[in-house]
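Residue-level structural notes
Each chain is listed here by its residues.
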Amino acid sequence: MVQVAEQYLLVPSHAARLAAVRSGIIGAATQVHVSSTQQHHAISLIRGMLGVGRAPATVRAVRTTAPLLAPLDRSGWTDDPLPRAATTTIATVDFGDGRSAVYDFTSGQTRNLLRHRRLLVRGTHGELHDDDIVHMPAPRTIARTPLIRRQSGHDLDLNGFDTETILCGDRVLYRNPYPGHRFNDDEIATATLLDAMAAWVRGEGPPPYPLAEGLQDQALALAVEEAAGAGREVVTAAEAWT
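Residues numbered from 1 in each chain as written. Predicted model: local features only at pLDDT ≥ 70, side-chain atom pairs only at ≥ 80, totals over all residues. Heavy atoms only, no water.

1. What to know about the packing of aromatic side chains
Put simply, the test is: Stacked, tilted and edge-to-face are the three classes applied to pairs of Phe, Tyr and Trp rings, where Trp contributes its six-membered ring and a pair requires centres within 6.5 Å; stacked means planes under 30 degrees apart, edge-to-face means over 60, and tilted covers the rest. Only protein chains enter the accessibility calculation, which uses a 1.4 Å probe. A residue is then buried if its area is under 20% of the maximum for its type, exposed if over 50%, and partly exposed in between.
Evaluation of the coordinates by the stated rule reveals 1 aromatic pair. Ring geometry for Tyr178 and Phe183: centres 5.9 Å apart, planes at 50°, overall tilted. Among the residues examined, Tyr178 registers a relative accessible area of 13% and is labelled buried. For Phe183, a relative accessible area of 28% puts it in the partly exposed group.

2. Section: the pattern of salt bridges
Selection criterion: Salt bridges are identified by distance alone: a Lys or Arg side-chain nitrogen within 4 Å of an Asp or Glu carboxyl oxygen.
The full count for this structure, using the stated rule, is 16 salt bridges. Here Glu226 makes a salt bridge to Arg232, at a shortest N to O gap of 2.5 Å. On the basis of relative accessible area, Glu226 is assigned to the partly exposed category, the value being 35%. A cluster of three or more residues bridged by salt bridges with shared partners is formed by Arg47, Arg54, Glu213 and Asp217.

3. Examining the sheet that holds strand S10 (residues 141–152)
For clarity, the threshold we go by: Any two strands with at least two DSSP-identified bridges between them are counted as paired. Runs of H or I in DSSP of at least four residues are treated as helices and runs of E of at least two as strands, each being numbered from the N terminus. Contact criterion: two residues are considered in contact whenever any of their non-hydrogen atoms come within 4.5 Å of each other. Note on method: axes are straight lines fitted to C-alpha atoms, helices fitted across the in-contact stretch only, with angles between N-to-C directions ranging 0 to 180 degrees.
The 11 strands are arranged S12-S11-S10-S9-S8-S7-S1-S6-S5-S2-S13 in an open sheet whose pairing can be described as mixed. For this open sheet the edge positions go to strand S12 (171–175) and strand S13 (234–235), each flanked by a neighbour on one side alone. Inspection of the sheet shows strand S8 (residues 126–129) paired to strand S9 (residues 132–138) by 4 bridges, in the antiparallel sense. Looking at S9, one finds that Glu127 is bridged to Val134. Contacts from helix H1 (residues 12–22) reach strand S1 (29–35), strand S7 (118–123), S8, S9, S10, strand S11 (162–168) and S12, with the element oriented near 145° to S12.

4. Side note on the nonpolar core
Rules: Definition used in this section: a nonpolar core is a set of buried Ala, Val, Leu, Ile, Met, Phe, Trp, Tyr and Cys residues joined via side-chain atoms within 4.5 Å.
Residues Val32, Ile46, Met49, Phe95 and Val121 are the most contacted members of the largest nonpolar core, which totals 46 residues. What Ile46 contacts, discounting residues up to four positions off in sequence, is Val32, Val34, Phe95 and Ala101.

Here it is, written out as structure tokens:
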């Protein structure tokens, strides 16, 4: 009984964005831009937001190198005052039927706070940009609706520091299943994945992230690396991950 520990779509901010996309507020999703994380994590976000499943894709990519400060790494603050060479990989992934993605990652970006994290989902009736949605709720009416996180523990809120909900207007897109534990977003996502895994093992829930999904993420991630390294188009096939 094997599942993949892929938690990015369970991170509260991404889970809320996915719920917003699936609500149809921007119509059918047609394009996703991810610039925050790398390789199979980014591909998981792309495929999840587009709902493309394990469709074949055409990948094109380029790499550039430029100096960049790296204030933080896995060990914490680096206190390094000098910019170091950082490589940026930008790829386009065409899934056909009008669905595509842009993959944009700079080495070290996951922890480098000098680079914005961005998620853009374009749809037939609007788009989601990070925590802001532009859409058309009525004829001749363009609206901007933010995603609002209710975070306790600020100012005179004495309930403790916790994410409570993320809302779009009056609709709850996400509710923290672990109130009172003061988990950060990644801890919430990891706990959610572990609970889903336990439920699946007991026969009480669906598989949280099947091996076939993880393999598809990695196949596309490798295609991005191959396209960037070889400077040529790479076409992936519909693999039988069974």
